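# Structure assessment
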Amino acid sequence: MRRKKWYGGILTVLLIFSVILAGCSSSTGGNSDSKDVVTLDIFQFKVEFKSQFETLAKQYEKENPNVKIKVSTVGGGNDYKSAITAKFASGEEPAVFNIGGPVDVEQYKDRLTDLKDTKAAAAALDGTLDGVEEDGQVLGLPFNQEGYGLIYNKRIFKEAGINPDEITSYETLEAAVKKIDSQKDKLKIDAVFAYPVKEKWVTGNHLSNVFLSPEFDGNVLEASKAPTVKFTDGEKFKQLVDIQNEYSVQPTASLDYSQQVEELFSLEKVAIIQQGNWVYNTVYDMDPELAEKGIGIIPIPNGDNAGMPVGVPNYWAVNKKSDEKVQEAAKKFLDWMYTSEEGKKAVLEDFKFIPAYEGYDVEKIADPISKEIYKYSQDGNTIGWVFNGYPVGWNDDLGASVQKYVTGKLTWEELVQQNIENWEKIHSK
């Protein structure tokens, strides 16, 4: 009897232990082995589609239960380049991050996985991979196509008696701005512009590109190889800085992107902002009717070189230092986002992107600003984005020098000379 009781006790203990193990096993995800779950860390800068992107990531997780996606977004008023550099230095490297073109390719080359065998790379439109192709490799996948210029409030323009189609030169822009400024009280606006000089990319990347692009024939690769910059259209560049700064909500040096778009333009406190189609989601969230029917865009005038700057703003890069399973999961996610029917629907309808890939119904481009930009692109009335070919850090230095200029700490002549010397110095390293 003692032996039977002893065996019975052992059997009872084993039975309880097996039940506990089964419970633990089921809590990790049913039939999925927790060891097979891949976590995909994505570190991206595009604040404008943060929530929509996170929603799409959740959808992908549901369809792929062995993949967990963690999205971190650093952008808007924050410096993504500094943030990703700090991320790498910390040892907590993301699996997917963003690069801007040939200069970033050179800087992060040891971390860039070749993506030429992905479905997305095969579907990329002609020219959209130019900034990330090297030695037969494709080292990034384009986000989308974007364009920027002067976005204006249609109601304010109409009430002020301004025809946007007639703004084709600096002189016609200046006349329109002065006319709007003289009617500020009647139009119930704070200023003509909201000019966010605090955002170095607004001046150091986008505005400078309009006036430097002609020097490099609009070619980002030519810009990346150029030993110097001449500022041939430097005086025209100065005119656009001056007019936006003089007729803006003040002080411009501390005005940031969110204030510009959310607090001022979306609430119809200003008539014009220098931005691109990426602002649509933000404006829509603030005022859907204004976003859908009340805004338009015109090119930043630059004489005979006038055109809408259109290009690929950034690329998705997959970190070569990540585990191979993570790299493969990243490729599959990016392929799904840009080539599956669910992904394409989100790209067009939720992200409000102008696609950089084949297989999209461009008639379904969601917002009016993107449609106008796409028409400029179709008509060939565009200028290239060369700012992704600027020497590393040069654009930030240029943006910082514009901040000094508008606060009276630097003359324009000093700004030009300093930035020519800085370009040559960085390029010679």
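A brief look at the structure comes next. (Residues numbered from 1 in each chain as written. Predicted model: local features only at pLDDT ≥ 70, side-chain atom pairs only at ≥ 80, totals over all residues. Heavy atoms only, no water.)

Of note, the bond from Gln-250 into Pro-251 is cis; its omega dihedral lies within 30 degrees of zero at -10 degrees. The backbone of Phe-231 shows a phi angle near 55 degrees, a positive value even though the residue is not glycine. Within the element layout of this structure, Phe-231 appears in the loop between helix H10 (220–225) and helix H11 (234–246). A positive phi angle is found at Glu-268, which is not glycine, with a value near 60 degrees. As for its placement among the helices and strands, Glu-268 is situated in the loop between helix H12 (257–265) and strand S9 (270–276). (Helix = DSSP H or I, 4+ residues; strand = E, 2+ residues; numbered from the N terminus.)

What follows covers the environment of Trp-316. Mapped onto the elements of the fold, Trp-316 is located in strand S12 (residues 315–318). Judged by its relative accessible area of 0%, Trp-316 is buried. Residues Trp-316 and Asn-98, spaced 218 residues apart in sequence, show a C-alpha to C-alpha distance of 4.9 Å. A polar contact is formed between the side chain of Trp-316 and the side chain of Tyr-338, at a distance of 3.0 Å. (Buried < 20%, exposed > 50% of the residue type's maximum accessible area, 1.4 Å probe, protein only. Polar contact = N/O pair within 3.5 Å; in protein donor to acceptor, adjacent residues only side chain to side chain.)

The subject of this paragraph is the nonpolar core. Membership of the largest hydrophobic core comes to 79 residues, with the highest contact counts inside it found for Ile-180, Phe-231, Val-241 and Trp-394. Element by element, the count of residues in this core is highest for helix H19 (residues 412–427), at 6 residues. If near-sequence neighbours (up to four positions away) are discounted, Val-241 is found in contact with Tyr-195, Leu-207, Val-402, Tyr-405, Val-406 and Trp-412. Listed in part, the 57 residues of the second largest apolar core include Val-38, Leu-40, Ala-57 and Leu-129. (Core = buried A, V, L, I, M, F, W, Y, C linked by side-chain atoms within 4.5 Å. Contact = heavy atoms within 4.5 Å.)

Turning our attention to the pattern of salt bridges. As enumerated under the stated definition, the model contains 21 salt bridges in all. One salt bridge in this structure joins Asp-110 and Arg-111, with 4.0 Å as the shortest N-O distance. We note a salt bridge from Glu-328 to Lys-331, for which the minimum N-O separation is 3.4 Å. Here Glu-328 and its partner Lys-331 are both found in helix H15 (residues 324–339), 3 residues apart, which amounts to about one turn of the helix. The structure contains a network of salt bridges with shared partners spanning Glu-93, Asp-110, Arg-111 and Lys-321. (Salt bridge = Lys/Arg side-chain N within 4 Å of Asp/Glu carboxyl O.)

We now examine the pairing of strand S7 (residues 146–153). A large share of S7 lies buried, amounting to 8 of its 8 residues. Note that S7 and strand S11 (residues 308–311) share 2 bridges and pair antiparallel. Along S11, the bridge assignment pairs Gly-147 with Val-310. In this structure, S7 lies alongside S9, joined through 5 bridges in antiparallel fashion. Paired with Gly-149 across the two strands is Gln-275, which belongs to S9. Both S7 and strand S10 (residues 295–298) contribute to a ladder of 4 bridges, which runs antiparallel. When the bridges of S10 are listed, Asn-153 appears paired with Ile-295. (Pairing = 2+ DSSP bridges.)

Every buried residue of H12 is listed here: Tyr-257, Gln-260, Val-261, Leu-264 and Phe-265. All buried residues of H12 lie within an arc of 120 degrees about the axis, which places them on one face of the element. Against S7, helix H9 (200–212), S9, helix H13 (280–286), helix H14 (288–293) and S10 lie the buried residues of H12. (Arc of directions from axis to C-beta.)

On to helix H2 (residues 50–63), then. Counted at 1.5 Å a residue, the expected span for H2 with its 14 residues is 20 Å, and the 20 Å between its end C-alpha atoms agrees. Of all the positions in H2, only Gln-52, Phe-53, Leu-56, Ala-57, Tyr-60 and Glu-61 are classed as buried. Where H2 is buried, its residues meet strand S1 (38–44), strand S2 (67–73), H13, S12, H15 and helix H16 (341–350). (Expected span 1.5 Å × (residues − 1).)

Let's shift gears to the packing of aromatic side chains. What the rule picks out here adds up to 33 aromatic pairs. Taken together through their ring pairs, the aromatic side chains of Phe-43, Phe-45, Phe-49, Phe-53, Tyr-60, Tyr-80, Phe-143, Trp-316, Phe-333, Trp-336, Phe-351 and Phe-353 make up a single cluster. We note Arg-111 situated over the ring of Phe-88; from NZ or CZ to the ring centre the distance is 4.1 Å. Here the guanidinium or amino end of Lys-344 rests over the ring plane of Tyr-360, the centre of that ring lying 5.8 Å away. (Phe/Tyr/Trp six-rings, centres within 6.5 Å; stacked < 30°, edge-to-face > 60°. Lys NZ or Arg CZ within 6 Å of the ring centre and 35° of its normal.)

Another aspect to go through is the packing of helix H18 (residues 394–406) against H19. For the pair H18 and H19, the least separation of the axes is 10 Å and the interaxial angle reads 165 degrees. On the basis of the axis angle, H18 is roughly antiparallel to H19. As for the relative orientation of H18 and H19, their crossing is right-handed in sense. Contacts between H18 and H19 involve Trp-394, Asp-397, Leu-398, Ser-401, Val-402 and Tyr-405 from the first element and Trp-412, Leu-415, Asn-419, Asn-422, Trp-423 and Ile-426 from the second. Taken together, the residues of the contact of H18 with H19 sort by class into 8 nonpolar, 3 polar and 1 charged. (Axes fitted to C-alpha atoms, helices over the stretch in contact; angles between N-to-C directions. Parallel < 35°, antiparallel > 145°, perpendicular 65-115°, else oblique. Left-handed = near helix turned anticlockwise from the far one by under 90°. Nonpolar A, V, L, I, M, F, W, Y, C, P; charged D, E, K, R; others polar.)

One way to put it is that helix H7 (residues 170–181) packs onto H11 with a least axis distance of 11 Å and a crossing angle of 5 degrees. Relative to H11, the element H7 is oriented roughly parallel. Residues Tyr-170, Leu-173, Glu-174 and Val-177 of H7 lie in contact with H11, whose contacting residues are Gln-239, Leu-240 and Ile-243. Among the residues making up the contact of H7 with H11, the classes are represented as 5 nonpolar, 1 polar and 1 charged.

Shape is all these values report; function is a separate question.
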